[in-house]
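# Observations on the three-dimensional arrangement
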Protein chains: 2
Amino acid sequence: MRLSSFSDYSLRVLMYLGVHGGRLATAGEIAAAYGISVNHLTKVVNLLGRLGYVETVRGKGGGIRLGRGAAGIRLGEVIRQTENDFALVECFATGGQCQIHAVCRLPPILDEALAAMFTVLDRYTLADLLQGSGELGQMLPQPEAGQPA
Amino acid sequence: MRLSSFSDYSLRVLMYLGVHGGRLATAGEIAAAYGISVNHLTKVVNLLGRLGYVETVRGKGGGIRLGRGAAGIRLGEVIRQTENDFALVECFATGGQCQIHAVCRLPPILDEALAAMFTVLDRYTLADLLQGSGELGQMLPQPEAGQPA
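One structure accompanies this document, and this report is about it. These figures come from a predicted structure and were not determined experimentally. The residue numbers shown here count from 1 along each chain, following its written sequence. For naming, the first written chain is A and the first written ligand is 1, with later ones following in the order written. It should be noted that, the model being predicted, local features are given only for residues of pLDDT at least 70 and side-chain atom pairs only at 80 or more, the latter also being counted only at that level, while totals for whole chains, interfaces and linings use all residues.

## Here's the deal with the overall build of chain A
As a reminder, the rule being used: Note on conventions: DSSP H or I runs of at least 4 residues are helices, E runs of at least 2 residues are strands, and numbering of each starts at the N terminus. With C-beta atoms placed from the backbone, a residue counts as buried when 20 or more other C-beta atoms lie within 10 Å of its own, as exposed when 12 or fewer do, and as partly exposed for counts between those limits. Whether two residues are in contact is decided by their C-beta atoms, placed from the backbone, lying within 7 Å.
In terms of helices and strands, chain A carries seven helices and two strands. Along chain A, helices and strands appear, N-terminal first, in the series α-α-α-β-β-α-α-α-α. Judged by the C-alpha coordinates and their principal axes, chain A covers about 60 × 30 × 25 Å. The buried share of chain A, taken over its 149 residues, is 35%. A separation of at least 24 residues holds for 66% of the contacts in chain A among residues at least 6 apart in sequence.

Below, the structure written as structure tokens:
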């Protein structure tokens, strides 16, 4: 049971932008900081932009920054929106073939368990991930001029 | 985010055996009832046997039945034991490469969210899945003599 890399990378992008305050960053520098594929990260950034978590400034010297204050970005909300599949078992998904689907008592129990998980995740915001973010900032330094952007 | 088919099938096997009371069933008939691979199901049954959820009677006319009362089989416990990976994000897994692992504040939050999920799952047992199991029994009838076993 794991989150998609899409959700994982979304949280990392938001942490990076949070640590860097309002400075405009690029998908390239974030991908380089985490050592992950810039193509995949660009898709993540695009979705985060459509969802309003990230704001894009176009043109020369442009880039991305948080679209909202960190305290207003709930982790549960981000994961709910970036995870594409909460079908914990086959019958939750369209086209599931389980024979006992019509009478099975498991789905509402799994729904309740997922809801409990999100109740916890919704108690935390990006601001909680950035608390005491000096160390995080050291791990994710601003790239020097001339580094890939 | 989904459970492994191993966990999914484990719950289905336990439901089948619960519905059929103490009657000895076979992996073949359970696989046929659900329309899933008998090879995969046999691995599931073997693990459930090692974990004590299922009891095997060997020899002619042998088969499997529940190894414990349904009310003593907690769903959270089954899923914890049959799911092979609770690495919600990369850093939970051995060999994870996330650069900010050492200072990231996300892992304890995800741990807390998983714990909340299992608190719910541990409130339910196989007996809850079998409540009013007449309908479930109709969907999972005893195979007639001569059917694959």
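## Considering the pairing of strand β1 (residues 54-57) of chain B
For a regular strand, side chains alternate in direction, first toward one face of the sheet and then toward the other. Residues and elements named next belong to chain B. Operational definition: When DSSP locates at least two bridges between a pair of strands, those strands are taken to pair.
Pairing between β1 and strand β2 (residues 63-66): four bridges, direction antiparallel. Within β2, the position partnered with Val 54 by the bridge is Leu 66. Counted along the chain from β1 to the antiparallel partner β2, the turn is five residues long, and its residue Gly 59 has a positive phi close to 95 degrees.

## Quick look at the environment of Glu 90 of chain A
All names here are of chain A. Mapped onto the fold, Glu 90 is located in the loop between α4 (75-82) and α5 (106-121). Glu 90 gets classed as partly exposed once you count the C-beta atoms within 10 Å, which come to 18. Between the alpha carbons of Glu 90 and Leu 41 there is a distance of 29 Å; along the sequence they are 49 residues apart.

## Details of the interface of chain B and chain A
Threshold: Classification used: nonpolar for Ala, Val, Leu, Ile, Met, Phe, Trp, Tyr, Cys and Pro, charged for Asp, Glu, Lys and Arg, polar for all others including Gly.
Facing 40 residues of chain B, the contacting portion of chain A comprises 40 residues. Looking at the side of chain B that touches chain A, the elements that each hand over two or more residues are α1 (5-19), α2 (27-34), α5 (106-121), α6 (126-130) and α7 (134-139) of chain B. The leading source of residues in the side of chain B that touches chain A is α5 of chain B, at 10 residues. Considered class by class, the residues forming the side of chain B that touches chain A number 26 nonpolar, five polar and nine charged.

## Some thoughts on the environment of Leu 66 of chain A
Tracing the chain through its elements places Leu 66 of chain A in strand β2 (residues 63-66). For Leu 66 of chain A and His 20 of chain A, which are 46 residues apart along the polypeptide, the C-alpha to C-alpha distance reads 9.5 Å.

## Digging into the relation of the copies chain B and chain A
Note the following rule: Overlaid copies result from least-squares superposition on C-alpha atoms, with residues included only where pLDDT is at least 70 in both.
Least-squares fitting of chain B to chain A yields an RMSD of 0.0 Å, with the superposition described by an axial translation of 0.0 Å and a rotation of 180 degrees. Such a combination of rotation and displacement between the chain copies is what one expects of a two-fold axis. When the interface residues of chain B are mapped onto chain A, 100% of them are again interface residues, pointing to one common binding face.

## Quick notes on α1 of chain B
The periodicity of an α-helix, 3.6 residues per turn, causes residues three or four positions apart to be oriented the same way. Residue and element names in this part refer to chain B. For clarity, the cut-off: Helix span, expected: 1.5 Å multiplied by one less than the number of residues in the helix.
Helix length check: α1, at 15 residues, gives a terminal C-alpha distance of 21 Å against a target of 21 Å (1.5 Å per residue), a fit within 8%. Burial analysis of α1 places 13 of its 15 residues in the buried class, which makes it a mostly covered element. Just beyond α1, the residue with positive phi is Gly 21, at close to 55 degrees.

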